[in-house]
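Residues per chain are reported as follows:
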Amino acid sequence: MTVLASSSSSSPLQFWGYFMDHRSEDLGWLWDHTWLSVLPVVIGLLIALPLGWLARRYRWVYPPMMSITGLLYTIPSIALFVLIPPIFGLGALDPKQVPIALTIYSVALLVRVVADGLASVSDETIQAATAIGYKPVGRLFRVELPIAVPVITAGLRVALVANVSIVAVAGTIGMSNLGQLFTQGFQQSTPDAYYPPIVLGIVLCVLLALVLDLSVQALNRLLTPWRRAVRT
Amino acid sequence: MIRFDSVTKRYPDGTVAVDELDLTAPSGKITVLVGPSGCGKTTSLRMINRMIEPTSGTIWLDDEDTAKIATHELRRKIGYVIQHAGLFPHRTIVDNIATVPYLLGWDKKKARSRSLELMERVGLPPHFAKRYPAQLSGGQQQRVGVARALAADPPVMLMDEPFSAVDPVVRDQLQAEFLRLQEEIGKTIVFVTHDIDEAIKLGDQVAVLRVGGHLAQLATPAELLTRPVDAFVAGFVGRDRGYRALGFSSAGTISTHQEQTAALGAPTPYGAENGPWILVVDEKQIPQGWLDLDGVKPGENVITDGMLYRGGTLATQGGTLRAALDAALSSPSGRGVVVDDAGALLGSITASEVLALIEGREREPQP
Ligand SMILES: Nc1ncnc2c1ncn2[C@@H]1O[C@H](COP(=O)(O)OP(=O)(O)O)[C@@H](O)[C@H]1O
Ligand SMILES: [Mg+2]
């Protein structure tokens, strides 16, 4: 916070100039924001796959699993950030607490997505795969998961965009990410409102969410050529 | 050969789906399981490849107890075709068909060329290879299902109502092609259907099941029509049994009457020997239809397609009594048209002459 509010105009449209003045710091935050948004979704998916499979395989597991994951999602993010260090034995501002919290959110969201994705595979297809001689693991990876890809990627898009916004909240408790821009904006808004860092934070968050969303859509297209095949 | 040896299936909820079933499906033949919904057909079928485990009893595959074979190995030796085909939506047709060869570790090239060969066998054009299942009609998907089941040349095929979900015209076509294919490949087939007509058309032997999983009768189609063992089977086999049974009796060599004909494209004749109807043939003597001379002015018109009555069926020399009787009954002149194997006119026969043949044949049905 070495910058003085008076050194530039306080018009919201000055965010570009603000960015150019603090490029290296802002880019560092953007990078941190990116991996903080993406990595928990990747880890979350890896954890959600077996859990979602369980919820699909043993029908009685589904209702309690959905209740628990649904509850997890209702915990306010700021509370979760604060609760994680004591639970996981971390320092109050350990950099690991944010990815851990976001992984929990991602798992909570993706377990349902994986279970519903597997449920989207038709019974006939599963019967046929079994009758043909697939063992359960082969069937899961070669038949069920590939067919569940569209449902799962739809869930990934939601999880990623949600993470981009939750990460920003972590910035306000001092973690390195685009949320810092909002803290700066508030701190520099005394006595008069000073918008450029706040607008810059919003613009970069939206751009990041957009890029991540488009990447998942591209991945989905790559993995599901069969979905675009239309009857001729 | 597949042999059920007092096989019972009791589901956890207490339902007895199959009760002490003894049944042999001989090698190279089509055994049809038929019966009302819920009588245990699917359960019986799935116990063969152990998608469902029997509660008691043994199912033998040749001289091996299926319970002693690892399930995935057993299944890779048994082709399986179901209603709606159950194709893999994310794989192209060629890869769908090659699934079992891939699982068996064939190299990709060999698996694909096998797959293309099978596409041709089941009547799918080669340019379908790169399509996905969603791009095919129900009937085409069902052909892919059959090709996929045949890919690794398994000795046994299980088919669970494979043609039930397609429209009647396509079903007839698929059934006919299925019989032709079976002539070539001679698999041991267990075929499940709820449709008695399909059972009679396709089965070398037919097992009629009743609800509760009891075998009511095991017989050839002809036997089933002529000698149902009890009221249940008689009721299930349905009406017109006597008439349909004629479909399994050869008419022998029919002695026909010579039939006066007129040529398509020739002027309408001035009269006919036997009443107003005259048979119209083309230049190859292939019957085209009947012409009603009462409805046309003699000598003025040329005989065209549009003037012909085409409702009559044709009987082929050496065919069945049913075809002969139907030809006579469906002919507006009352004279059934008999043709040779090439479809050319031989002559005609009346319904009363066919009835005389029916009465004169050996009363005992030949199973
Ligand atoms: N998984 C199951 N649990 C309990 N009962 C079942 C199960 N599957 C089938 N049944 C019952 O077993 C009987 C036979 O079913 P099925 O073999 O599917 O008959 P079909 O194929 O002849 O219509 C029916 O009464 C059916 O309700
Ligand atoms: Mg059934």
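Residues numbered from 1 in each chain as written. Chains lettered and ligands numbered in written order. Predicted model: local features only at pLDDT ≥ 70, side-chain atom pairs only at ≥ 80, totals over all residues. Heavy atoms only, no water.

Applying the stated criterion to the full structure yields 7 aromatic pairs over all chains. Considering the side-chain rings of tyrosine 73 of chain A and tyrosine 105 of chain A, the 5.4 Å spacing of their centres and the 70 degrees angle between planes classify their relative orientation as edge-to-face. Separated by 32 residues along the polypeptide, tyrosine 73 of chain A in helix 3 (residues 62-74) and tyrosine 105 of chain A in helix 5 (residues 97-119) bring together distant segments of the chain. Tyrosine 105 of chain A sits in the buried class, given a relative accessible area of 4%. Taken together, a centroid distance of 6.1 Å and an interplanar angle of 15 degrees make the contact between phenylalanine 232 of chain B and phenylalanine 236 of chain B stacked. (Phe/Tyr/Trp six-rings, centres within 6.5 Å; stacked < 30°, edge-to-face > 60°. Helix = DSSP H or I, 4+ residues; strand = E, 2+ residues; numbered from the N terminus. Buried < 20%, exposed > 50% of the residue type's maximum accessible area, 1.4 Å probe, protein only.)

Our focus in this paragraph is the side chain of threonine 31 of chain B. All names here are of chain B. Take threonine 31: it is sitting in strand 3 (residues 30-34). Here glutamine 205 takes part through its side chain, which lies 3.0 Å from a polar atom of the side chain of threonine 31. Sequence-distant contacts of threonine 31, defined by excluding residues within four places in its chain, comprise Thr24, Ala25, Pro26, Ile189, Val190, Phe191 and Gln205. (Polar contact = N/O pair within 3.5 Å; in protein donor to acceptor, adjacent residues only side chain to side chain. Contact = heavy atoms within 4.5 Å.)

In this complex, chain A contributes 21 residues to the contact, which on the side of chain B involves 27 residues. When chain A packs against chain B, close to 2100 Å² is buried across both sides, 64% of that on carbon and sulfur atoms. Across the contact surface, chain A and chain B share 0 salt bridges. Inspection of the chain A/chain B interface yields 5 residue pairs in polar contact (both at pLDDT 80 or more). When contributions to the side of chain A that touches chain B are tallied by element, the ones reaching two or more residues are helix 6 (123-132), helix 7 (136-171) and helix 10 (225-228) of chain A. Top element by residues in the side of chain A that touches chain B is helix 6 of chain A. It accounts for 8 residues. Residues belonging to the side of chain A that touches chain B are distributed by class as follows: 12 nonpolar, 5 polar and 4 charged. (Buried area = accessible area lost by both parts, 1.4 Å probe. Salt bridge = Lys/Arg side-chain N within 4 Å of Asp/Glu carboxyl O. Nonpolar A, V, L, I, M, F, W, Y, C, P; charged D, E, K, R; others polar.)

On to a nonpolar patch on the surface. All names here are of chain A. A surface patch of nonpolar side chains, about 670 Å² in accessible area, is lined by Trp31, Trp35, Leu39, Val42, Ile43, Leu46 and Ile47. Looking at where isoleucine 47 falls in the secondary structure, it is placed in helix 2 (residues 23-57). With a relative accessible area of 37%, isoleucine 47 lands in the partly exposed category. (Patch = residues over 30% accessible without salt bridge, like charges linked within 9 Å, V, L, I, M, F, W, Y side chains within 5 Å. Areas by Shrake-Rupley, 256 points an atom, 1.4 Å probe, with all protein chains shown as cover.)

Another point: the layout of surface pockets. Rolling a probe over the atoms, with the probe sized like a water molecule, indicates the empty space that remains. Estimates place the volume of the largest pocket at around 580 Å³. What lines the largest pocket is a set of 16 residues, among which Arg57, Ile126, Thr130, Arg139 and Glu144 of chain A lie closest to the centre. When contributions to the lining of the largest pocket are tallied by element, the ones reaching two or more residues are helix 2, helix 6 and helix 7 of chain A together with helix 2 (71-76) of chain B. Considering each element in turn, the lining of the largest pocket owes the most residues, 4 residues, to helix 6 of chain A. Here the lining of the largest pocket is composed, by residue class, of 4 nonpolar, 4 polar and 8 charged. (1 Å grid on protein atoms, 1.4 Å probe; cavity = no way out; pocket = protein on both sides within 12 Å on 5 of 7 lines; lining within 4 Å. Points joined across faces, edges and corners; volume = space filled by probe spheres on them.)

Let us now look at the domain arrangement of chain B. Residue and element names in this part refer to chain B. Assigned domains within chain B: domain 1 (2-248) and domain 2 (261-363). A C-alpha centroid distance of 40 Å is found between domain 1 and domain 2. Here domain 1 meets domain 2 over a buried area of about 540 Å², counting both sides, of which 65% is carbon and sulfur. Along the contact surface separating domain 1 from domain 2 lie 0 salt bridges. (Domains from an automatic or database assignment.)

What follows is about the pattern of salt bridges. Think of it this way: side chains of opposite charge can pair up when their charged atoms draw near. Residues and elements named next belong to chain B. According to the stated counting rule, one finds 17 salt bridges over all chains in the structure shown. Here lysine 187 and aspartate 153 are joined by a salt bridge, their closest N and O atoms 2.4 Å apart. Taken as a pair, lysine 187 in the loop between helix 7 (168-185) and strand 8 (188-193) and aspartate 153 in the loop between helix 6 (138-150) and strand 7 (156-160) lie far apart in primary sequence, 34 residues in all. With relative accessibility at 6%, the residue lysine 187 sits in the buried group. When salt bridges with common partners are traced through the structure, they connect Arg121, Arg180 and Glu184 into a single cluster.

All names here are of chain B. What surrounds ligand 1 is the set Tyr11, Asp13, Thr15, Ala17, Ser37, Gly38, Cys39, Gly40, Lys41, Thr42 and Thr43. Tyrosine 11 is positioned with one of its side-chain polar atoms (N or O) 3.3 Å from a nitrogen atom of ligand 1. Note that an oxygen atom of ligand 1 is positioned 3.2 Å from one of the backbone N or O atoms of cysteine 39. When ligand 1 sits alone it has 560 Å² of accessible area, and the protein chains cover 61% of it. With 3 residues, the top contributor of residues to the shell around ligand 1 is helix 1 (residues 41-48). Within the shell around ligand 1, the residues separate by chemical class into 3 nonpolar, 6 polar and 2 charged. (Near = heavy atom within 4 Å.)

This part takes up the packing of helix 3 of chain A against helix 5 of chain A. All names here are of chain A. Closest axis-to-axis distance for the helix 3/helix 5 pair is 8 Å, and the angle between their directions is 150 degrees. Between helix 3 and helix 5 lies a crossing whose hand is left-handed. On helix 5, the residues that touch Tyr62, Met65, Met66, Thr69, Leu72 and Tyr73 of helix 3 are Ile104, Tyr105, Ala108, Leu109, Val111, Arg112, Ala115 and Asp116. Of the residues in the contact of helix 3 with helix 5, the class split is 11 nonpolar, 1 polar and 2 charged. (Axes fitted to C-alpha atoms, helices over the stretch in contact; angles between N-to-C directions. Left-handed = near helix turned anticlockwise from the far one by under 90°.)

Looking now at the sheet that holds strand 8 of chain B. Residue and element names in this part refer to chain B. Ordered by their spatial adjacency, 6 strands build an open sheet running 6-7-8-3-9-10, and the pairing between neighbours is mixed. Two strands in the sheet have a free side with no partner beyond their single neighbour: strand 6 (78-82) and strand 10 (214-219). Each strand axis lies, on average, 15 degrees off the axis of its neighbour in the sheet, ignoring direction. Inspection of the sheet shows strand 3 paired to strand 9 (residues 205-210) by 4 bridges, in the parallel sense. Within the sheet, the bridge partner assigned to leucine 33 lies in strand 9 and is alanine 207. (Pairing = 2+ DSSP bridges.)

Moving on, we come to the confidence of the model for chain A. For chain A, the average pLDDT comes to 86, and 95% of its residues sit at 70 or higher. Scored below 50 in pLDDT, residues 1-7 of chain A shows 6 contacts in the model against residues more than four places distant or in partner chains. (pLDDT = per-residue confidence, 0-100.)

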